[in-house]
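# Chain and residue survey
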Amino acid sequence: MSEANVQDQSVQPASVEPPEPSRLSQGIAEFFKSPAAAIGFIMLVVICCLALFAPWIAPQNPYDLMQLDIMDGRLAPGSESMTGMVYYLGTDSQGRDILSGMLYGLRTSLMVGVLSAFAAAIIGTTAGLFAAYMGRRTETVIMRLVDLQLSFPTILMALMMLAILGKGVINVVIALIIAEWATYARTVRSTALVEREKEYVEAARMLRLPGWRILFKHLLPNCLAPVIVIATMQVARAIGLEATLSFLGLGASVTEPSLGMLISTGYQYLLTGLYWISFFPGIALLVTIVSINLVGDRLRDVLNPRNAS
Amino acid sequence: MVTSIIRRLFQAIFVIVAMTIIVFIGVNVIGNPVDILINPDANQAERARVIAHYGLDQPIWKQYLMFLQGLLHGDFGDSFVYGRPALGLILERLPATLELAITALGIALVVGLPLGLYAGLYPKRLSSKLIMSGSILGFSLPTFWVGLMLIMVFSVELGWLPTNGRGPTMEFLGVQWSFLTGEGLRHLLLPAFNLALFKTSLILRLTRAGVQEVLPQDYIKFARAKGVRESRIIGVHVFKNLMIPVVTIIGLEFGSLIAFSVVTESIFAWPGMGKLIIDSINLLDRPVIVAYLMMMVMLFVALNFIIDICYTILDPRVRLDAKA
Amino acid sequence: MSALLQVSNLVTEFGGGRGRSGLKAVNDVSFSVDRGKVLGLVGESGSGKTVTGFSILRLLERPGRITGGRILFDGTDIANCSEEEMRNLRGKRIAMVFQDPMMTLNPVLTIGTQMVEAVQAHDKVSKDVARQRSRDALGLVGIPSPEERLAAYPHQFSGGMRQRVAIAIALLHQPDLIIADEPTTALDVTIQSQIIYEFQRLAEESNTAVIWITHDLAIVSRLADDIAVMYAGRLVETGPVGEVLTDPRHPYTAGLIASVPSQNRRGEPLHQIRGMTPAINRLPQGCSFRTRCDRATEGCLIMPDLIPEEDRAFRCIHPVMKEVA
């Protein structure tokens with residue numbers, strides 16, 4: 001069957017190759033070979049900047065009730081307010097500028113997404129490493145917990161946590177962390193188990209290096225690639241879930257809406273044809289999630305050692 | 001085979017017990033039921049009466065045993081809102097949710113399997129690439145927002161389909177179903193499609209990945225070398241191998257469909273369990289929440305159990321390992 | 001009498017197309033096989049011998065395709081066959097046994113299913129008849145209690161047993177030609193011998209032609225009537241086994257023979273061909289073997305033609321000649 005392999009090789013004869021660039025810059029170059037990933041990355045940078053600089057970009061502070069004028073409520077996109085300000089994307093029932101609401105909502109969404117994915121990554125990675133390194137009882141207990149957790153869908157875990165903790169953005173973050181840590185733990189453990197059997201870990205043990213050193217200096221770096229990929233995807237999932245939970249009225253409050261909450265407030269006006277309150281925040285949500293997924297998809301291809309040619 | 005079933009049965013019981021402890025601790029220890037149960041304006045005597053009534057003055061392990069005892073009898077207490085047994089409330093709404101989830105699963109399979117098969121068999125075609133891009137969109141689109149857009153387009157703009165409730169139902173096997181009446185079917189269409197969207201993408205991608213994994217295998221080439229027709233190679237050799245991951249996913253995703261129906265039911269005012277649980281969380285209707293959570297736990301454990309058994313039947317390698 | 005299979009100037013390429021030429025995995029290969037004869041197709045991995053086998057059945061996976069030459073099977077040009085005509089040939093008149101028996105049977109289908117479908121692919125017979133024929137075929141290759149075995153799954157068989165099943169499947173329709181792609185490489189030596197014996201018997205008794213693809217000269221010397229040696233996609237030497245193996249002309253063939261461990265050279269260091277097989281996209285100019293050959297001269301910068309000599313041929317301008325003692 002080895003004859004079939006020739007298809008991959010190009011016909012170029014061996015030539016003098018330039019000095020090999022570092023692995024990182026190689027990886028970055030590989031990443032941007034995909035136009036979709038490049039577009040996703042650029043969009044993501046723009047989105048992050050928009051969210052970060054929202055207070056300076058937004059025409060209005062949508063959380064400051066003093067700035068809202070109920071008389072400007074439910075204006076169509078492009079309408080002008082009494083004071084001459086243009087609501088490019090219209091206003092909601094409170095007279096809140098949708099564009100400003102979206103920019104501020106993005107901040108909440110991104111914060112919830114990054115915070116929960118990051119915390120879940122730390123907890124899950126630690127648990128996974130610990131399970132792989134300790135083995136025996138510790139491993140059994142941790143992995144049983146992981147299996148238990150993973151046999152229920154995230155939204156159910158999140159609902160359960162919110163039923164216990166009550167509503168609110170912070171509780172949503174906690175619920176997401178509890179719902180997502182198990183994915184990391186499982187992946188890290190299986191990667192670390194493979195790594196643990198390799199000679200260099202054995203050698204480190206023979207040298208009687210302390211356990212934490214083997215864990216963090218030897219096992220951890222090898223598990224980072226999958227963790228980064230999962231974390232990227234989790235940010236997108238978490239943003240979607242936060243929006244969903246807020247839409248259900250379990251997350252952000254009405255006075256400080258996130259994207260999901262904005263969509264939710266527009267829901268009741270949808271049937272009367274006031275589409276913009278729900279439509280535009282939804283687009284923002286969609287673009288954010290798609291660009292993160294594009295980046296994550298590509299990261300998985302680039303970082304997966306099995307795909308390296 | 002029998003021993004492996006018994007072993008799985010024990011695992012299932014273990015999971016249920018573990019979840020009862022988690023739910024119990026969550027609701028009774030982390031959350032304070034006294035705050036939830038008692039009207040803040042109530043006087044001392046009233047408070048004491050309620051605490052005694054719910055056994056909240058008992059030691060925690062005793063409370064847990066009481067909780068378990070109630071569980072075994074299907075008694076989760078009365079809903080604060082409706083004043084009726086919580087379990088009954090949920091069971092009443094179960095058929096609506098099941099109907100929605102089954103329809104959505106059907107849509108996901110009917111759309112996802114053939115498209116995934118096609119995209120896997122002809123990966124280079126433009127149509128396949130379009131299908132795959134579409135599936136990324138299906139993954140990324142937030143379900144609830146799609147639901148709103150569906151309402152906007154098909155109900156508000158086009159006025160084709162209703163958006164609210166189940167419509168008229170008809171009794172079959174002692175339960176009310178929407179799909180048996182034309183109007184009910186029209187009510188079912190949008191929510192089911194909405195719920196199916198994400199799973200369709202999932203099944204599609206899984207099918208395609210499976211096809212691409214099986215096609216280059218030697219046994220496919222050998223089947224061709226035997227002179228077996230292409231239709232049989234795809235229909236039997238490829239498909240049977242595909243069914244193993246797909247059945248696993250179907251089982252798990254059916255549970256997840258039921259869980260995710262909370263979103264769709266809220267949007268389309270579908271009177272199922274999902275809508276009930278969201279209302280209950282908002283109103284802090286604790287008996288209903290607990291009953292719902294325990295129902296879901298049981299459901300998932302049962303589903304996992306069934307998947308395991310299906311898996312054993314489908315994959316001869318697993319079957320024989322278990323026998324050995 | 002014309003040969004059963006006549007391959008002439010076969011070229012199989014990977015990639016390329018639209019005016020660009022692809023990589024020639026098989027380049028200008030010609031040989032023929034008669035009924036009842038065994039041809040040993042010898043070469044290292046990557047020499048193009050497996051691709052040659054798949055070319056005959058037209059089972060190349062994209063981007064591989066036949067771009068030149070002719071394959072005449074019993075008078076029909078395989079290139080002109082429709083897909084359906086090809087399907088009717090495959091398994092019915094030309095059967096193939098693959099290299100790795102662990103991979104050739106579908107793990108989720110029973111042996112019975114996989115044999116019955118092979119019968120029914122060509123003959124409109126009932127399931128019972130097809131089962132009966134499968135049972136007989138299993139018995140023929142020495143599998144005990146075939147009835148039970150039909151209900152079993154591949155993983156319940158050892159590698160040797162699976163290869164026997166694959167051979168039984170190949171025998172179901174009493175094909176005119178069997179292409180055996182290193183069918184014994186993955187097996188134990190004792191089982192190897194049994195399977196070689198089965199093929200020998202088959203060629204003699206049922207007048208079946210066999211192409212035995214291998215890198216193992218020892219097997220070829222026991223089994224084959226003729227030999228064709230491939231190197232980097234080309235034939236370098238063909239001829240009757242006895243002549244080629246005792247008196248090779250091409251330095252590559254000579255090197256291969258010298259590197260086989262043997263009883264009568266005990267104690268002597270084993271001969272090696274120096275260097276590595278070149279990748280198919282980095283072949284040297286002229287004779288592909290030039291860079292590894294002790295006899296290479298400037299004349300070797302031009303690819304030599306196959307030089308005929310009685311009933312054999314070789315592709316070398318400095319052939320090895322046995323010193324007449």
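Residues numbered from 1 in each chain as written. Chains lettered and ligands numbered in written order. Predicted model: local features only at pLDDT ≥ 70, side-chain atom pairs only at ≥ 80, totals over all residues. Heavy atoms only, no water.

- In the annotation of an unreviewed UniProt entry, the entry for chain C reads ABC transporter ATP-binding protein, and the organism field reads Tianweitania aestuarii.
- In its Sequence similarities (unreviewed entry) section, the UniProt entry covering chain C states "Belongs to the ABC transporter superfamily."
- The UniProt entry for chain C carries the following comment under Subcellular location (unreviewed entry): "Cell inner membrane". (UniProt positions renumbered as here; feature names shortened; annotations may be inferred.)

- The name an unreviewed UniProt entry assigns to chain B is ABC transporter permease, from the organism Tianweitania aestuarii.
- The heading Subcellular location (unreviewed entry) in the UniProt record of chain B holds the text "Cell membrane".
- Recorded under Sequence similarities (unreviewed entry), the UniProt text for chain B is reproduced unchanged: "Belongs to the binding-protein-dependent transport system permease family."

### Regarding the pairing of strand 1 (residues 5-14) of chain C
Residue and element names in this part refer to chain C.
- The buried fraction of strand 1 is high, at seven of ten residues.
- Relative to strand 2 (residues 23-33), strand 1 is paired through seven bridges, and the arrangement is antiparallel. Its bridge partner being in strand 2, valine 7 is matched across the sheet by phenylalanine 31.
- Bridge analysis of strand 1 against strand 4 (residues 64-73) gives eight bridges, and the strand direction is antiparallel. Within strand 4, the position partnered with leucine 5 by the bridge is phenylalanine 73. (Buried < 20%, exposed > 50% of the residue type's maximum accessible area, 1.4 Å probe, protein only. Helix = DSSP H or I, 4+ residues; strand = E, 2+ residues; numbered from the N terminus. Pairing = 2+ DSSP bridges.)

### Considering the interface of chain C and chain B
- Contacts between the two partners involve 29 residues from chain C and, on the opposite side, 22 residues from chain B.
- Applying the counting rule to chain C against chain B returns four salt bridges.
- Between B:Arg229 and C:Glu84 there is a salt bridge whose closest N-O contact spans 3.3 Å.
- Scanning the region where chain C abuts chain B turns up twelve residue pairs in polar contact (both at pLDDT 80 or more).
- Mapped by element, the contributors of at least two residues to the side of chain C that touches chain B are helix 1 (49-57), helix 2 (83-89), strand 6 (94-97), helix 3 (111-120) and helix 6 (159-171) of chain C.
- Top contributing element to the side of chain C that touches chain B by residue count: helix 3 of chain C, with four residues. (Contact = heavy atoms within 4.5 Å. Salt bridge = Lys/Arg side-chain N within 4 Å of Asp/Glu carboxyl O. Polar contact = N/O pair within 3.5 Å; in protein donor to acceptor, adjacent residues only side chain to side chain.)

### Some remarks on the nonpolar core
- Grouped together as the largest cluster of nonpolar side chains are 159 residues, with contacts concentrated most on B:Phe144, B:Val262 and B:Tyr292.
- Top contributing element to this core by residue count: helix 9 (residues 211-247) of chain A, with 16 residues.
- With near-sequence residues (within four places) excluded, B:Val262 lies in contact with A:Ile155, A:Leu159, A:Leu248, B:Gly274, B:Ile277, B:Ile278 and B:Tyr292.
- Counting residues in each nonpolar core, the second largest holds 93 residues, with C:Phe73, C:Val116, C:Phe157 and C:Ala224 among its members. (Core = buried A, V, L, I, M, F, W, Y, C linked by side-chain atoms within 4.5 Å.)

### A look at the sheet that holds strand 4 of chain C
Residue and element names in this part refer to chain C.
- Spatial strand order, 2-1-4-5: four strands in an open sheet with antiparallel pairing. Each edge of the sheet is formed by a strand with only one pairing partner; in this case those strands are strand 2 and strand 5 (76-77).
- Where strand 4 and strand 5 come together, two bridges link them in antiparallel fashion. Of the residues in strand 5, the one forming a bridge with leucine 72 is aspartate 77.
- Where helix 1 meets the sheet, it contacts strand 1, strand 2 and strand 4, and its direction lies at approximately 110° from that of strand 1. (Axes fitted to C-alpha atoms, helices over the stretch in contact; angles between N-to-C directions.)

### Quick notes on the pairing of strand 3 (residues 38-42) of chain C
All names here are of chain C.
- Among the five residues in strand 3, five count as buried, and that is most of the element.
- Of the two faces of strand 3, the one carrying Val38, Gly40 and Val42 and the one carrying Leu39 and Leu41 are both buried.
- Summarising the sheet, strand 3 and strand 8 (residues 209-214) pair through five bridges and their orientation is parallel. Looking at the pairing, leucine 41 lines up with isoleucine 213 of strand 8.
- Where strand 3 and strand 9 (residues 226-231) come together, four bridges link them in parallel fashion. The residue bridging leucine 41 from the neighbouring strand is alanine 228, located in strand 9.

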